[in-house]
Amino acid sequence: TPTTSSTPYTGPITVTTTQTIKAIAVASGYTTSAVASATYTIQVPAATPVLSPASGTYTSSVVVTITDSTPGSTIYYTTNGSTPTTASPQYTGPITVTTTQTLKAMATASGYAPSAVASATYTIQVGVSAPILRWQYGGCSAGPYCQTGWYSSPAVADLDGDGRPDVIWGAYDVVALNGADGSLKWRGASGDRVWSGVAVADLTGVGTLEVVVARRTQLTVYDRFGGVVWTRNPFGVGELRTLAVADLETDGQLEIIVGTTTGTTFQLNVFEPNGTVRPGWPARHSGDPGYGSGMYNQNVAVADMNGDGLKEVFAPMDGHYINAFNRGGNQLATNSLFNSSDPAGPKVWSQVGIHVDQAVDLRGYANCGVEHRPDFGDSAPVIADVDGDGVPELIVVGNIYNCGTSPYTSLYHVPFILKLDRTRWSGSGFDWTVLPAPAPGSGPRSEDYNVIETVVPNAAVADLDGDGRKEIIYPSYDGKVHAYWLDKTEHGNWPYTIPTSGAPGDDFRFASEVLVADLNNDGRAEVIFTSWPKKATGGVGQLHILDYLGRELYRIDLPAPAIGQAWNGALAAPTLARVDGSGNLAVVVGTVASGVVVYDLPNTANARILWGTGRGNYRRSGTAEVAP
């Protein structure tokens, strides 16, 4: 109890430990005051927890321990970056971090205030693992004897609903194989080759999948067990190399779009799910304005370009014209910018030729020998939003040629980016009204399929470097794989020259359409494709995996050719899919002379697929989707 002998108060008192302060007041002419008392309980915060190891970048999973030096403390933590409380999980033992995440922890103890929050961020960058052969010669007969594979990309889907993925592929026969071991589930036999990738889709929206196949002159729909639903002959002549499936008006019913290699009209036809021809098709109609000829590759892309819920159909043709249609087979109009070219007045896409220089587009004709133009006969178009502004563009790689020579002289491949009104794209600080200039050595090594099977410049459009903008990646007849950024340059080690064996005559090779996926989920994508040699070399092509800058990670020989086959390779885009219950991806390859081959990709459970199969999706519509 204080008295007048106690310490006089002269200013604020700092309390650092738990204590009771008592005070009295005295004044002349007054009696001494009553005693005032206040107890101050000081709780020192518990020690801040320590996370070990510290924040950093790691190439494998990290086991994190959390300790605290306060006696009797209890630790609470979070793994999603939020601030922990006593309602958070209680730490009881080491935490294994397998993907990039932030751990935070706090401690409590009797007699102590809650500790400060400790935080550590663990960036997990697992390296890309080497592919491992799972099975080979899928779909072949004993020997092995294998049918010749062409440009048909495999599909992977659970056709029969047994919970296990099936691999579907066409050479001449169409086969459905058990994804885990390659054993045959069913076979749709035929003597005609399958050029385009088989399409897999639920055509009628009832929850079961169909398999759509284009062979020579026949369009066939199989049910999920391999039974023929219907077969049609869309054109009567030519070969069906163009195939896509799309819901043209978003009504849950999928239409089948098919194109032929012959004709100057009626090159593209559309079928309803029941096999009837859709009203307004085939197109272009007889008497329609414009130009168009054969479609020698998978020459169609289908997407809603203007957000109205209705799809547009784009079909590059042999020559320097692209045909474009609405869902009813009517041609799409072009920008009034082209009205002054001959014939004067409004135009449709098939009336406006494409050239290297936009000024020649506007004039309407080229001075051959001086002004060059593309041929689109082998061009598979893509629809993608290249700059992330919400508006899709049409991307197509053309074979630039000199029309002043006889025969015409191929010069190089180059991508075009076009808008819905047929004008050239520019935006986000990039200008594609002027094309990238070809580098030296961009000319064809060969265009003779007797020497080496043709390379088709199918583009994949995907964000390689994680900056939100997409790159254009495609193989070319110069024996390279190219990757153009929107600044119209090739970064890093691009273009990638396809290696040869060094054996006599093996002086160049060609590559398939590429796949793009971030295999190790580090924010930067890998590029996967296959290759093939010249026929006379008797060699085998390879499976290639590159990083986003075109640096080689892995290169593995494909299997030896089957009995009676002289060489092997893979002309079509492979497919990335999960073929078993492991959660990891596999590369599924349809080869020239060893049937279907599957390679496991370890440590890819968290991979992101950006362009996962031929033409971007199992509907083969030229857009980046994977699910059937």
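Just so you know, these numbers come straight off a predicted model, no measurement behind them.

The next subject is the overall build of the chain. Along the chain, the regular secondary structure elements total 1 helix and 43 strands. Dimensions along the principal axes, computed over C-alpha positions, put the chain at roughly 125 × 65 × 55 Å. Out of the 628 residues in the chain, the part that is buried amounts to 52%. Taking all contacts inside the chain whose residues are at least 6 apart in sequence as the whole, residues at least 24 apart take part in 54%.

One pair of aromatic rings is described through two measures. These are the centre distance and the angle between the planes. Scanning the entire structure with this criterion turns up 14 aromatic pairs. On the basis of an interplanar angle of 40° and a centroid distance of 6.1 Å, the ring pair of Tyr58 and Tyr122 is categorised as tilted. In this pair, Tyr58 is assigned in strand β4 (residues 56–58) and Tyr122 in strand β9 (residues 118–124), connecting sequence segments 64 residues apart. Members of the aromatic cluster, connected to one another through ring pairs, are Phe508, Phe510 and Trp532. Arg193 extends its terminal NZ or CZ atom over the ring of Trp150, reaching a point 4.4 Å from the ring centre. Note that Arg241 overlies the ring of Trp195, its terminal NZ or CZ placed 3.8 Å from the centroid.

Looking at the element boundaries, Ser152 is found in the loop between β10 (132–138) and β11 (155–157). The contact partners of Ser152, leaving out residues within four places of it in the chain, are Trp169, Gly170, Val194, Trp195, Ser196, Gly197, Val198 and Ala572.

One pass over the structure, following the stated rule, counts 25 salt bridges. The partner of Glu239 in a salt bridge is Arg216, with the nearest N and O atoms 3.9 Å apart. You can see Glu239 sitting in the loop between β18 (228–232) and β19 (240–246) and its partner Arg216 sitting in the loop between β16 (210–215) and β17 (218–222), a full 23 residues away along the chain. For Arg216, a relative accessible area of 33% gives the class partly exposed. Asp506 is paired through a salt bridge with Arg509; the nearest N and O atoms lie 2.8 Å apart. Note on accessibility: Asp506 and Arg509 belong to one class, buried. What you see here is one network of salt bridges that share partners, running through Asp160, Asp162, Arg164, Asp166 and Lys185.

Before going further, it helps to examine the environment of Ala87. Its location among the elements puts Ala87 in the loop between β6 (74–78) and β7 (95–97). Considering only alpha carbons, one finds Ala87 and His320, 233 residues apart in sequence, at a separation of 67 Å.

Below, the discussion takes up the sheet that holds β6. Spatially, the 4 strands line up as an open sheet ordered β4-β9-β8-β6, and their pairing is mixed. Edge strands, defined here as strands with exactly one partner in the open sheet, are β4 and β6. On average, each strand axis in the sheet is tilted by 25° relative to the strand beside it, whichever way the strands run. Of the pairings in the sheet, the one linking strand β8 (residues 101–108) to β9 comprises 5 bridges and is antiparallel in character. In the sheet register, Leu103 faces β9, and the bridge partner there is Ala120.

For the rest of this paragraph, the subject is the state of the cysteines. Following the criterion strictly, the structure yields 2 disulfides and no others. Put simply, Cys140 and Cys146 are joined by a disulfide, and their sulfur atoms are 2.0 Å apart. Note on the Cys140 and Cys146 pair: the S-S dihedral is about 105°, so by sign convention the disulfide is right-handed. Judged by relative accessible area, which is 18%, Cys140 ranks as buried. The exposure class of Cys146 is buried, given its relative accessible area of 11%.

Take unusual backbone geometry next. A cis amide bond links Ser52 to the next residue, Pro53, at an omega of 5°. With respect to the secondary-structure elements, Pro53 resides in the loop between β3 (50–52) and β4. A cis amide bond links Asp342 to the next residue, Pro343, at an omega of -5°. With respect to the helices, strands and loops of the structure, Pro343 is situated in the loop between β24 (322–325) and α1 (358–363). With a phi angle near 40°, Arg216 is a residue other than glycine that sits in the positive phi range. A positive phi angle is found at Lys488, which is not glycine, with a value near 70°. Relative accessible area serves as the criterion here: at 23%, Lys488 is assigned to the partly exposed category.

This next bit is on the domain arrangement of the chain. Domain boundaries in the chain define domain 1 (1–42), domain 2 (50–124) and domain 3 (132–337 + 351–611). When each unit is reduced to the centre of its C-alpha atoms, the spacing between domain 2 and domain 3 is 48 Å.

Let us look at a nonpolar patch on the surface. Taken together, the side chains of Tyr40, Ile42, Val44 and Tyr112 make up a nonpolar region of the molecular surface, amounting to roughly 340 Å² of accessible area. Structurally, the position occupied by Tyr112 is in the loop between β8 and β9. Tyr112 sits in the partly exposed class, given a relative accessible area of 34%.

A few words now on the side chain of Glu272. Considering the arrangement of structural elements, one finds Glu272 in the loop between β21 (268–271) and β22 (301–303). In terms of polar contacts, Glu272 uses its side chain to reach the side chain of Arg278, at 3.1 Å. Ignoring anything within four residues of it in the chain, the contact list for Glu272 reads Trp230, Glu255 and Arg278.

Reading the values: rules and limits
- Residues numbered from 1 in each chain as written.
- Predicted model: local features only at pLDDT ≥ 70, side-chain atom pairs only at ≥ 80, totals over all residues.
- Heavy atoms only, no water.
- Helix = DSSP H or I, 4+ residues; strand = E, 2+ residues; numbered from the N terminus.
- Buried < 20%, exposed > 50% of the residue type's maximum accessible area, 1.4 Å probe, protein only.
- Contact = heavy atoms within 4.5 Å.
- Phe/Tyr/Trp six-rings, centres within 6.5 Å; stacked < 30°, edge-to-face > 60°.
- Lys NZ or Arg CZ within 6 Å of the ring centre and 35° of its normal.
- Salt bridge = Lys/Arg side-chain N within 4 Å of Asp/Glu carboxyl O.
- Pairing = 2+ DSSP bridges.
- Axes fitted to C-alpha atoms, helices over the stretch in contact; angles between N-to-C directions.
- Disulfide = S-S within 2.5 Å.
- Domains from an automatic or database assignment.
- Patch = residues over 30% accessible without salt bridge, like charges linked within 9 Å, V, L, I, M, F, W, Y side chains within 5 Å.
- Areas by Shrake-Rupley, 256 points an atom, 1.4 Å probe, with all protein chains shown as cover.
- Polar contact = N/O pair within 3.5 Å; in protein donor to acceptor, adjacent residues only side chain to side chain.

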